[in-house]
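Close look at the chain arrangement
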Amino acid sequence: MSARLLACAAALVLAATGCSSSVDPDDPARLNRPGNDGANGDVQGVHVRDAFLLGEMSTASPTASPAGQQALYAVLISNRDRPDLLERVTVEGGGTVRLVGPVELRPYEAATRPDQPIGMASGILGNYVPMTFTFRDAGAVRMAVPVMARQGRFSGLPSSPVGTPTPTSTPSPKRSGPTPKPTVPPEHATREPG
């Protein structure tokens, strides 16, 4: 093998494996998006993970139905040092989303669960639905939210919210002195441009 071919092979191996030897938890090479089937987006320290609409049982490509309603699922995670609120979710090109209730995001916590819908969507069509999640302070993030067929890991999910939303407690008053930042697990963290 020629030296040039060996150098190219070594470069490809290093690029594929990630040659960072850093143990810094903020190293961008360690902060990846989670592997999931839904849409992911970030805005000013708020992370939307695994957002999807729950469609019907189908062996073909699932689609949202304009006549019916689909449950909207998303895990919302705050990596901010102050509370925020999901104000609304809008659908581009028609349709509406009605949130289950106020979705408050407390600092450095997940605000929603992956097995409970955060709202109901109606009047939409397609396999991917352009949606904008708007937060009071962080701003808005636009994503193409997929419609998932009720099969596999989606088969046991509720097709509508159960009961009434439980109000979240108000944030505790600020303590004097520095407040330690909890660590967000790497599968939920992303680095935002500075």
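Refer to the structure presented above.
Residues numbered from 1 in each chain as written. Predicted model: local features only at pLDDT ≥ 70, side-chain atom pairs only at ≥ 80, totals over all residues. Heavy atoms only, no water.

With that out of the way, let us pick up the overall build of the protein. Scanning the protein from terminus to terminus reveals one helix and nine strands. Overall, the protein shows an N-to-C arrangement of helices and strands of α-β-β-β-β-β-β-β-β-β. Considering only residue pairs separated by 6 or more positions, the protein has 70% of its internal contacts joining residues 24 or more positions apart. Summed over all atoms, the accessible surface of the protein reaches about 11500 Å², with 55% contributed by carbon and sulfur. (Helix = DSSP H or I, 4+ residues; strand = E, 2+ residues; numbered from the N terminus. Contact = heavy atoms within 4.5 Å. Areas by Shrake-Rupley, 256 points an atom, 1.4 Å probe, with all protein chains shown as cover.)

Burial of the side chains of strand β5 (residues 96–99) is restricted to one face: Val97 and Leu99 are buried, whereas none of Thr96 and Arg98 on the reverse face is. In this structure, β5 lies alongside strand β7 (residues 119–122), joined through four bridges in antiparallel fashion. The residue bridging Val97 from the neighbouring strand is Ala121, located in β7. (Buried < 20%, exposed > 50% of the residue type's maximum accessible area, 1.4 Å probe, protein only. Pairing = 2+ DSSP bridges.)

The tally for this structure, following the rule as stated, stands at 10 salt bridges. Asp84 is paired through a salt bridge with Arg80; the nearest N and O atoms lie 3.9 Å apart. The burial state of Asp84 is the same as that of Arg80; both residues are buried. For the salt bridge of Asp115 with Arg113, the shortest nitrogen-to-oxygen distance reads 2.7 Å. Taken together, the salt bridges that share partners define one network made up of Asp37, Asp50 and Arg153. (Salt bridge = Lys/Arg side-chain N within 4 Å of Asp/Glu carboxyl O.)

Here the focus is unusual backbone geometry. One non-glycine residue, Asp50, lies in positive phi territory at about 55 degrees. Position of Asp50 among the secondary structure elements: in strand β2 (residues 46–54). Among the residues examined, Asp50 registers a relative accessible area of 12% and is labelled buried. A positive phi is found at Tyr108, a non-glycine position, where the angle reads about 55 degrees.

Attention now moves to the pairing of strand β8 (residues 128–135). Where a strand is regular, its side chains alternate between the two sheet faces. Judged from the five bridges that link them, strand β4 (residues 84–91) and β8 form a sheet pairing that is antiparallel. Counterpart to Leu86 in the pairing with β8 is Phe135. With eight bridges connecting them, β8 and strand β9 (residues 139–148) associate as antiparallel partners. Note that in β9 the partner of Pro130 across the bridge is Ala144. Once β8 ends, the chain turns through three residues before running back antiparallel as β9.

Looking at the secondary structure, you find Gly156 in the segment after β9. We classify Gly156 as exposed; its relative accessible area is 69%. Spatially, the C-alpha atom of Gly156 lies 8.9 Å from that of Asp115, the residues being 41 residues apart in sequence.

Met131, Phe133 and Phe135 are the most contacted members of the largest nonpolar core, which has 28 residues in total. Elements with a contribution of two residues or more to this core: β1 (39–43), β2, β3 (69–78), β4, β5, β6 (103–105), β8 and β9. In this structure, Met131 is in contact with Leu53, Leu72, Val89, Thr90, Val91, Val97, Ala121, Ile124, Val141, Arg142, Met143 and Val145, ignoring residues within four places of it in sequence. The next biggest cluster of nonpolar side chains, apart from the first, holds eight residues, and it includes Phe52, Leu54, Ala71 and Leu157. (Core = buried A, V, L, I, M, F, W, Y, C linked by side-chain atoms within 4.5 Å.)

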